[in-house]
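Listed below, chain by chain, are the residues.
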Amino acid sequence: MQNLNQIRARHVLEFANFGSVKGKNGGEVIKKIPPVIMNNGLMAALAYSLDKGQQAWRGVFDAIAVHLSSQEIAMIPADKNSAERLLDYLASDATSVQLRDITAESFEWLNFARRLVK
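A brief structural summary. (Residues numbered from 1 in each chain as written. Predicted model: local features only at pLDDT ≥ 70, side-chain atom pairs only at ≥ 80, totals over all residues. Heavy atoms only, no water.)

Across its full length, the chain holds six helices and zero strands. When the elements of the chain are put in sequence order from the N terminus, they spell out α-α-α-α-α-α. Over its C-alpha atoms, taken along the principal directions, the chain stretches across nearly 35 × 35 × 25 Å. When the accessible surface of the chain is split by element, carbon and sulfur atoms take 51% of a total near 6700 Å². When the 14 basic and 12 acidic side-chain charges of the chain are each reduced to a single mean position, those positions are 8 Å apart. (Helix = DSSP H or I, 4+ residues; strand = E, 2+ residues; numbered from the N terminus. Areas by Shrake-Rupley, 256 points an atom, 1.4 Å probe, with all protein chains shown as cover. Lys, Arg positive; Asp, Glu negative; His and termini not counted. Charge placed at Lys NZ, Arg CZ, Asp CG, Glu CD.)

Shown next, in the form of structure tokens:
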């Protein structure tokens, strides 16, 4: 059985190797997301990622949604594995406690991503 850090690292490495952070700044976007979440909240950051021209943000939040919906983490339903579906879930079905826990897990994922994604 793997611990949470091993699962997070594996998911980030899969994202780093097979996903792509597109945009003119590439992996630099990962450093910009945590302060935006801290200042504006996870739902506002997710909404920003869905804006046209934010492919890098969208890619990161899609990967976070895949992580949160994975069988090992299971913080959100398995069918909510994209940024758009995650925002819909948070806005309509999640409790404030779930939102807090999902935000904390997203920060943990981003902490690994900051070190592993180039």
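Having seen the structure, we can now continue with the description.
The next thing to look at is unusual backbone geometry. Phi angles above zero are rare outside glycine, and Ala74 is one such case at about 50°. Positionally, Ala74 belongs in the loop between α4 (55–69) and α5 (83–92). Residue classification places Ala74 among the exposed positions, given a relative accessible area of 51%. (Buried < 20%, exposed > 50% of the residue type's maximum accessible area, 1.4 Å probe, protein only.)

Glancing now at the side chain of Ser69. Structurally, Ser69 can be placed in helix α4. Beyond its immediate stretch of four places on either side in the chain, Ser69 contacts Ile76, Pro77, Ala78, Lys80 and Asn81. (Contact = heavy atoms within 4.5 Å.)

Relative orientation of the contacting elements helix α3 (residues 42–49) and α4 amounts to 125°, with a least axis distance of 8 Å. By the angle class used here, α3 and α4 are oblique. Between α3 and α4, the contacting residues are Leu42, Ala45, Leu46, Tyr48 and Ser49 on the first element and Trp57, Arg58 and Phe61 on the second. Along the lines of polarity and charge, the residues of the contact of α3 with α4 split into six nonpolar, one polar and one charged. (Axes fitted to C-alpha atoms, helices over the stretch in contact; angles between N-to-C directions. Parallel < 35°, antiparallel > 145°, perpendicular 65-115°, else oblique. Nonpolar A, V, L, I, M, F, W, Y, C, P; charged D, E, K, R; others polar.)

Okay, the pattern of salt bridges next. Under the counting rule described, the total for this entry stands at seven salt bridges. The salt bridge involving Asp62 is made with Arg58; its shortest N-O contact spans 3.4 Å. Placement of both Asp62 and Arg58 in helix α4 is noted, with a separation of four residues, approximately one turn of the helix. With relative accessibility at 23%, the residue Asp62 sits in the partly exposed group. Residue Asp88 pairs with Lys80 through a salt bridge whose shortest N-O separation is 3.9 Å. (Salt bridge = Lys/Arg side-chain N within 4 Å of Asp/Glu carboxyl O.)

Take the side chain of Glu105 next. Here Glu105 lies in helix α6 (residues 96–116). If near-sequence neighbours (up to four positions away) are discounted, Glu105 is found in contact with Arg8, His67, Leu68, Ile73 and Met75.

In the contact formed by α4 and α5, the axes pass within 8 Å of each other and the chain directions differ by 65°. Mapping the contact onto sequence places Arg58, Phe61, Asp62, Ala65 and Leu68 in α4 and Ala83, Glu84 and Leu86 in α5. Taken together, the residues of the contact of α4 with α5 break down into five nonpolar, no polar and three charged.

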